[in-house]
Amino acid sequence: MRIVVGYQAGGPTDVVARLLASRLQAQTGQPFIVENKAGAGSNLASEVVASSAPDGYTLLLAAAPITMASFVYKGLKWDVQGSFEPISMVMSAPAILAVAPHLPAKNVQELVALAKKKPGELTFGSTGNGGTHHVAGEMFKQRAGIDLIHVPYKGAAGAIQDVMAGHVSLSLMTSVSAVPFIKDNKVRALAVAAPKRLPQLPNVPTMAEAGMPGFEVDSWNGLLAPKGTSPAIVEKLHAEVVKALADAEMRAKLIDQGAIVVGSSPADFKAHIRKEVDHWAKLFPTINVKID
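Just so you know, these numbers come straight off a predicted model, no measurement behind them.

Undergrad: Would you explain the packing of aromatic side chains in this entry?
TA: What characterises a pair of aromatic rings is the spacing of the ring centres plus the angle enclosed by the ring planes. By the definition in use, this model includes 5 aromatic pairs. With centroids separated by 5.6 Å and ring planes inclined at 25°, the aromatic side chains of Phe71 and Phe284 adopt a geometry described as stacked. With Phe71 in helix α3 (residues 69-72) and Phe284 in the segment after α10 (266-283), this pair connects stretches of sequence that are 213 residues apart. With a centroid separation of 5.4 Å and an interplanar angle of 90°, the aromatic rings of Trp220 and Phe269 are classed as edge-to-face. Pair noted here: Trp220 is in strand β9 (residues 218-226) and Phe269 is in helix α10, with a separation of 49 residues, a long-range link.

Here is the structure:
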């Protein structure tokens, strides 16, 4: 069995996929292989799985940008609500505004002031056009009234490496990709785009506490099967995912990475996808998200 990932190896979605694959293999005795199909904002991976046989042997570990894709890319050969059978949301991860170590800004207000002094000079990295990081960056620009240059990558690994190295000024990266590097003081966290502070980073304020109420951006990973996969297979896979997420060792690894463990039902995951599509349909016309 294969779990297809639309991002680079080493990124947050890839990390979650490999943890999940390892646990599912241990539970079922069936080999689970993670296959990285990076590119086009994860659309290549989505197309591969959408066009695969609905037999339960090819799955997609999707990320939140899958609900945004139709608002960014034209001519997609798949549709998030029409081409897949939701199995379960695996985990959630709020965005964290993190800056390069050399940047003098120690909080959101100082970052905004610096950006206003240097319009068009600061850069923000993302996992690709139209993805969660990109959308979060454009939202931040709009709310703060600043000019930042977008630098897209094929995944979180490249973006965070260049933030650490100082080649990119900042990124609104998911907690799964950011927390390990924040703990090692390789990047500086300024705020969490969530309703409350993360237990893993109790000293990092929320964006609301930093002066931007309502600024919330959540990423997530969830398992999808091709449309037409039988309810029996979906339920079997869901049961195995829930069992995997109940494993103490796996939960500890996900939480240590900065994740919030979920394990939702197929119906709840389907409803969440529908809610996000509706949300982005209203938001995208108000922000400047375009292919760079």
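And the narrative resumes.
Undergrad: It is not clear to me how the pairing of strand β1 (residues 2-5) should be interpreted in this structure. Could you clarify?
TA: Regular strands place side chains that alternate from one sheet face to the opposite one. Examined bridge by bridge, β1 and strand β2 (residues 33-36) share 4 bridges and lie parallel to one another. In the strand pairing of β2, Ile3 is matched with Val34. Crossover β1 to β2 through helix α1 (residues 12-28) is right-handed. In this sheet, strand β3 (residues 58-63) lies alongside β1 in parallel orientation, the contact comprising 3 bridges. Looking at the pairing, Ile3 lines up with Leu59 of β3.

Undergrad: Explain the environment of Ile3 to me, please; I cannot follow it from the model alone.
TA: For Ile3, the location among the structural elements is in strand β1. Ile3 sits in the buried class, given a relative accessible area of 0%. Along the primary structure Ile3 and His133 are separated by 130 residues, whereas in three dimensions their C-alpha atoms are 23 Å apart.

Undergrad: Can you help me understand helix α5 (residues 132-144) in this one?
TA: The periodicity of an α-helix, 3.6 residues per turn, causes residues three or four places apart in sequence to face the same way. The terminal C-alpha atoms of α5 lie 18 Å apart, and with 13 residues this matches the ideal 18 Å at 1.5 Å per residue to within 8%. Residues of α5 that are buried: Thr132, His133, His134, Val135, Ala136, Gly137, Glu138, Met139, Phe140, Lys141 and Ala144. Positive backbone phi, at 70°, marks Gly145, one or two positions downstream of α5.

Undergrad: Any chance you could explain the packing of α1 against helix α9 (residues 248-256) here in plain terms?
TA: It is at 11 Å that the axes of α1 and α9 come closest, and there the two elements cross at 180°. Comparing the axis directions of α1 and α9 gives the class roughly antiparallel. Taken together, the residues of α9 that come into contact with α1 (itself represented by Val16, Leu19, Leu20 and Arg23) are Met250, Lys253 and Leu254. Looking at side-chain class alone, the contact of α1 with α9 contains 5 nonpolar, no polar and 2 charged residues.

Undergrad: I tried to follow the nonpolar core on my own but got confused; where do I start?
TA: In a soluble, globular protein the nonpolar side chains are often hidden away together inside. Leu97, Val108, Leu111, Phe140, Met207 and Phe215 are the most contacted members of the largest nonpolar core, which has 37 residues in total. Filtering out sequence-adjacent residues up to four positions away, Leu97 remains in contact with Val108, Leu111, Phe140, Leu170, Ser171, Leu172, Arg188, Ala189, Leu190, Ala191 and Met207. Met1, Leu59, Val90 and Met91 belong to the second-largest nonpolar core, a separate cluster that totals 31 residues.

Undergrad: Explain the environment of Ser92 to me, please; I cannot follow it from the model alone.
TA: With respect to the element layout, Ser92 can be found in strand β4 (residues 84-99). Note: C-alpha distance between Ser92 and Val261 (169 residues apart in sequence) is 6.5 Å. Ignoring anything within four residues of it in the chain, the contact list for Ser92 reads Asp218, Ser219, Trp220, Ala259, Ile260 and Val262. Side chain to side chain, Ser92 and Asp218 meet in a polar contact 2.6 Å long.

Basis of the calculations
- Residues numbered from 1 in each chain as written.
- Predicted model: local features only at pLDDT ≥ 70, side-chain atom pairs only at ≥ 80, totals over all residues.
- Heavy atoms only, no water.
- Phe/Tyr/Trp six-rings, centres within 6.5 Å; stacked < 30°, edge-to-face > 60°.
- Helix = DSSP H or I, 4+ residues; strand = E, 2+ residues; numbered from the N terminus.
- Pairing = 2+ DSSP bridges.
- Right-handed = clockwise from strand over helix to strand, strands pointing away.
- Buried < 20%, exposed > 50% of the residue type's maximum accessible area, 1.4 Å probe, protein only.
- Expected span 1.5 Å × (residues − 1).
- Axes fitted to C-alpha atoms, helices over the stretch in contact; angles between N-to-C directions.
- Parallel < 35°, antiparallel > 145°, perpendicular 65-115°, else oblique.
- Contact = heavy atoms within 4.5 Å.
- Nonpolar A, V, L, I, M, F, W, Y, C, P; charged D, E, K, R; others polar.
- Core = buried A, V, L, I, M, F, W, Y, C linked by side-chain atoms within 4.5 Å.
- Polar contact = N/O pair within 3.5 Å; in protein donor to acceptor, adjacent residues only side chain to side chain.

The quantities given are spatial measurements derived from coordinates; they are silent on function.
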